[in-house]
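Each chain, written out:
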Amino acid sequence: EEHEEWHFNITLNDTFEEQEVSSNKVTLNLINDVPTLENVQIQNIEPTTLSNLTAGWDFLDGDGDEQNTFEIKWYLNEEHQTQLDNQLTVDSQFTSKDELWHFEVRANDEFEFSEWSQSSSLAINNSIPEVTAMITPNNITNSTNLMLNITTMDVDDDILNIEVEWIRNNTVFLTNYSDVTPFKLRSNDT
């Protein structure tokens, strides 16, 4: 191992007398193998606006040294995001649809840093919009018109196209007014 101190002793014996000879102490100054990084990549598969981005890599060291520290630089559309320096994970609050992200990393074996390595760029994909729907009122009679209350949310702030199909007994129910008022079903149709 590097920085170990070594010396040797020789004992001479001619059966009448014994003599011991010691060498000077020598400190080993071995050359450290500089670590390398492989499989440098953002670990998410098809991230969306709601996904965190996590950096990953394999640390290789010819001396068998463990990874001690690392440094990371994150880039959004090729622009360095200094507020995210040395963060292993980028929180989803920093990402938006259609952005391109990559990172650079170098790691240390306590003695030396590896060269900087860069991940491939990864695009942030569209998030699926969310919808909740409720038919009102709850207490229905033969003379009750049905209304569909819809709440939608899209974290990408996309314009949503809403299509409504009323289904009666597992069959799509068509009316002559559903194109005009798709959220309403008249009592004479129920």
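Residues numbered from 1 in each chain as written. Predicted model: local features only at pLDDT ≥ 70, side-chain atom pairs only at ≥ 80, totals over all residues. Heavy atoms only, no water.

Draft legend 1. Just the overall build of the chain, in detail. The helix and strand inventory of the chain stands at zero helices and 17 strands. Counting across all 190 residues of the chain, residues that qualify as buried make up 27%. The contacts of the chain with a sequence gap of at least 6 include a subset with a gap of at least 24, amounting to 51%. (Helix = DSSP H or I, 4+ residues; strand = E, 2+ residues; numbered from the N terminus. Buried < 20%, exposed > 50% of the residue type's maximum accessible area, 1.4 Å probe, protein only. Contact = heavy atoms within 4.5 Å.)

Draft legend 2. Molecular detail of the environment of Ser120. Assignment of secondary structure puts Ser120 in the loop between strand E11 (117–118) and strand E12 (122–123). Note: C-alpha distance between Ser120 and His102 (18 residues apart in sequence) is 6.0 Å. Not counting residues within four places of it along the chain, the set of residues in contact with Ser120 comprises Val40, Ile42, Trp101 and His102.

Draft legend 3. A look at the pattern of salt bridges. Counted under the stated rule, the structure contains two salt bridges. Ionic pairing is found between Asp158 and Lys97, a salt bridge with its closest N-O pair at 2.8 Å. Here Asp158, found in the loop between strand E14 (146–153) and strand E15 (166–168), pairs with Lys97, found in the loop between strand E9 (89–90) and strand E10 (100–108); they are 61 residues apart in sequence, far enough to count as distant. According to the relative accessible area criterion, Lys97 is partly exposed, its value standing at 26%. (Salt bridge = Lys/Arg side-chain N within 4 Å of Asp/Glu carboxyl O.)

Draft legend 4. Representation of the packing of aromatic side chains in the model. Within this structure, the stated rule accounts for three aromatic pairs. Each ring, one from Trp74 and one from Trp101, has its centre 6.3 Å from the other, and the planes form 70 degrees; the classification is edge-to-face. With Trp74 in strand E7 (residues 69–76) and Trp101 in strand E10, this residue pair connects regions lying 27 residues apart in the sequence. Take Trp74 and Trp101: they sit in the same class, and that class is buried. Members of the aromatic cluster, joined through ring pairs, are Trp74, Trp101 and Phe103. The lysine or arginine in question, Lys73, covers the ring of Trp116, its NZ or CZ lying 4.6 Å from the ring centre. The ring of Phe113 carries Arg106 above its face, with NZ or CZ at 4.1 Å from the centroid. (Phe/Tyr/Trp six-rings, centres within 6.5 Å; stacked < 30°, edge-to-face > 60°. Lys NZ or Arg CZ within 6 Å of the ring centre and 35° of its normal.)

Draft legend 5. Structural detail: the nonpolar core. Trp57, Trp74, Trp101 and Phe103 are the most contacted members of the largest nonpolar core, which totals 17 residues. Elements with a contribution of two residues or more to this core: strand E5 (36–42), strand E6 (53–60), E7 and E10. (Core = buried A, V, L, I, M, F, W, Y, C linked by side-chain atoms within 4.5 Å.)

Draft legend 6. A look at the pairing of strand E13 (residues 130–136). Counting buried positions along E13 yields zero of seven residues, so the element is predominantly exposed. Here E13 pairs with E14 via seven bridges, running antiparallel. For Ala133, the partnering residue across the bridge sits in E14 and is Ile150. (Pairing = 2+ DSSP bridges.)

Draft legend 7. Seen up close, the side chain of Ser119. By the element assignment, Ser119 lies in the loop between E11 and E12. Looking at Ser119, the relative accessible area reads 3%, which means it is buried. Ignoring anything within four residues of it in the chain, the contact list for Ser119 reads Val40, Gln41, Ile42, His102 and Phe103.

Draft legend 8. Focus on the confidence of the model for the chain. Per-residue pLDDT for the chain has a mean of 84; in total, 86% of the residues score no lower than 70. Strand E8 (residues 79–80) holds the highest mean pLDDT among the elements of the chain, 98, whereas strand E4 (residues 26–27) holds the lowest, 62. (pLDDT = per-residue confidence, 0-100.)

Draft legend 9. Region of the structure containing the sheet that holds E6. Judged by pairing direction, the sheet is antiparallel, and its three strands sit side by side in the order E5-E6-E9 without closing on themselves. Two strands close off the open sheet at either side, each with one partner strand: E5 and E9. Where E5 meets E6, five bridges bridge the pair, whose relative direction is antiparallel. Its bridge partner lying in E6, Thr36 is registered against Leu60.

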